[in-house]
Every structure is written in C-alpha cells, then in structure tokens.
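Structural description and commentary
Here is how the chains run, residue by residue.
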Amino acid sequence: MPQARQEQHPRTIIHRFRQRVLATAFITHPACLLHDMGPSHPECPARLHAIDDQLIASGLSNYLVHAEAPLAGREHLLRVHEAGHISMIEAGGAGAGRLQLDPETAMCAGTLPAALRAAGAGVLATDMVMTGVADTAFCSVRPPGHHAERNRAMGFCFFNNVAIAAAHALDHHGLKRVAIADFDVHHGNGTADIFGTDERVLMVSTFQHPFYPYCGTEIRSPRMVNIPLAAHSGGAEFRAAVKDHWLPALEKFKPEMLFVSAGFDGHRDDDMGMLKLVEADYAWVAQQLKTIADVYSKGRIVSMLEGGYELHALGRSVTAYLKSFGEI
Ligand SMILES: [Zn+2]
C-alpha cells in the first residue's frame, strides 16, 4: 500500500499543477438545452453537446472547473434591460407552442429557464473570477445574448448575457473599467446599444459587414472600436484588425476585467457567415486577450458563447480557444 501511494502522489501533484495552470471555469446548465426554436433552426441544443464532445475527446474537460449556472435574478437583468422587456420575456414562453418574436427568434416553454441560466452563468463566472476561484471562465450557454438590446430581443437573443456579466462586475464588484471583445461574425448591436454611452465600458469587435444586423459602423468612438471585415476575410485580416485597433484601444483603456462575446460563426466551415477564420485564429485571439488581461486586469477574463452553428467547427474552435488560455 505505501508503494501505491508513492506511485500516485506525483500524478496528483501534476494533476493539481495542470488544474492551476488552466484554472478555467466551465459553466453551463442542462436547462440551456430546453430552449428550442424548431427542428431546422441552427441555434439548436446540439451546439452545447458538440462543445462537450470535443472538450472530452481532447482531454481538456478534465482540467476545467465545472460549475452549474444559477438563475439570474431580476436585479441582474435590470442593470441592462428595461423592466418591460424582462416582463415580456417572462410572459412570452408561457403559452403552448412557439411565440415568434422576429423571423428567426422564437420562444417556447423552455426559453425563459434557459435564458435565465445563460444570464446567470455570466454572473457566476464574474463572481468566480473576481473572487479568485478561477482565473478565467467560459460560459457554454444558449440562448446567446449579444444582439439583445436594452428593450428588444432579436437575432436568437433574449437577454444580453455578456452585458449582464459586465454590469455585475461594475455594479456589484465595484470595478471602474471593463472591456468587452466580440469576434462573432455578426455585430454585437445589443452590447453597443446598452453600453454606447457608458464611459466605464470599452467595446472592441470585428464582424462581417455589410451583414446582419446591418449596423456597427456608424458608432465609432474611442470606446466603441467596432471594426468591419469584408466577406471572405480570413485570419490575416482578422488578426490585423485586432493588432491595429483592438490592442491599442485596450492598452489605452486599461480594463480591470475583460469580457468576451465568443462567437465562432466566423469559422470558414460555418455557412452562417462568410468569414474564413480557423481554430488557430481563435487560439491566437485568446492569447492576445490573455496577454492584455495579464497586464491590466489581473488575468481576469469571462467568455460567453455567442454564435457558432457548424457543430464540428464549433466544438473544435471552443477547444482551441480554451486550450490557449492554459498555454501562456
Ligand atoms: Zn453570430
């Protein structure tokens, strides 16, 4: 028996060491699978399974700190949404069948619990990172959030998860400056709408343009660094936008915490958009953000899943992105 202990002891140390190196929380909840907008809708429950599959197959899942998302409270939602909007979402899924809010966004009975868990994941992630339980956190949740405006659900989004998380860091944890980076193929119009006049928030983004939601270029300020990319742009154009625009803005703003709208629908295999990003680009941007966070933000990064609809590419991209946080 003593011999067995001697054999296991070093492995335990290595295991703990690896956990410490990554210290990435992975937050999700089974209720996020209950939101269903129809059999052929690309924003489908299988997205979360695809992420789980790749994390398990890669071995990375063992080194993540797994946590279940709590329900967001009304006080969390009210920081970024009008009371009337919250009430509308609360009532929207109550009936039988689906309630269509726009041509591609529908509510069912499972939508509200999923949306409250998705928003609650961001709140928990922020708490875990702020209190040092984790260095970084990734919320594998749906519905996504970055199109949800202060008073409007649209584009598969109901509550703006990343905005709720950022507002929690500002209002509950007392931070004075936070940044939100968004590399989804679509512009995060909801996040821009919510924080456009809030001097505590810097938004940096890239997005295909012109493309849904057909905005993003009109608001440009030192705090709204939204960089359009032409259709068929690939890693070279994306990395140039990050290096030339995001990084200088982030270095100047010196955020105390970084939030990421992590959408993977700019992947070349994802026919939702026409960008040509690959796994290495997501790994690269994670390294850039980690470097900024290490210098200015005590390494604090919370990432929220946004888009990503080609299931194989989504799983591989999230894995590459998360692996990158542990390799610096
Ligand atoms: Zn998107």
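Data block above holds the structure.
A brief look at the structure comes next. (Residues numbered from 1 in each chain as written. Predicted model: local features only at pLDDT ≥ 70, side-chain atom pairs only at ≥ 80, totals over all residues. Heavy atoms only, no water.)

**Comments concerning the environment of Ala286**
In this fold, Ala286 is placed in helix α9 (residues 279-296). In the structure, Ala286 is positioned 15 residues away from Ile301 in sequence and 9.8 Å away in space, judged by C-alpha atoms. (Helix = DSSP H or I, 4+ residues; strand = E, 2+ residues; numbered from the N terminus.)

**What about the sheet that holds strand β5 (residues 136-139)?**
Here eight strands make up an open sheet; going across it, the order is β2-β1-β5-β10-β9-β6-β7-β8 and the pairing parallel. Across the chains shown, the open sheet's two edge strands, defined by having one partner strand only, are β2 (64-68) and β8 (224-229). With strand direction ignored, the average angle separating the axes of adjacent strands in the sheet is 15 degrees. Here strand β1 (residues 24-28) pairs with β2 via five bridges, running parallel. By the bridge assignment, Thr24 is partnered in β2 with Leu64. Relative to β1, helix α2 (residues 46-58) is tilted by about 150 degrees, and along the sheet it contacts β1, β2 and β10 (301-305). (Pairing = 2+ DSSP bridges. Axes fitted to C-alpha atoms, helices over the stretch in contact; angles between N-to-C directions. Contact = heavy atoms within 4.5 Å.)

**A few points about the pairing of β1**
Among the five residues that make up β1, four are buried, leaving the element largely enclosed by the rest of the structure. Handedness of the β1-α2-β2 crossover: right-handed. Bridging between β1 and β5 involves four bridges; their strand directions are parallel. What sits directly across from Ile27, in β5, is Cys139. (Buried < 20%, exposed > 50% of the residue type's maximum accessible area, 1.4 Å probe, protein only. Right-handed = clockwise from strand over helix to strand, strands pointing away.)

**Examining the packing of helix α5 (residues 111-130) against helix α6 (residues 161-171)**
Orientation of α5 relative to α6, taken along the N-to-C sense of each, is 35 degrees, at an axis distance of 8 Å. Considering how the two elements wind past one another, α5 and α6 form a crossing that is right-handed. Note on element contacts: α6 touches α5 through Asn161, Ile164, Ala165, His168 and Ala169, opposite Ala115, Ala118, Ala119, Gly122, Val123, Thr126 and Asp127. A breakdown of the residues in the contact of α5 with α6 according to their chemical character gives seven nonpolar, four polar and one charged. (Left-handed = near helix turned anticlockwise from the far one by under 90°. Nonpolar A, V, L, I, M, F, W, Y, C, P; charged D, E, K, R; others polar.)

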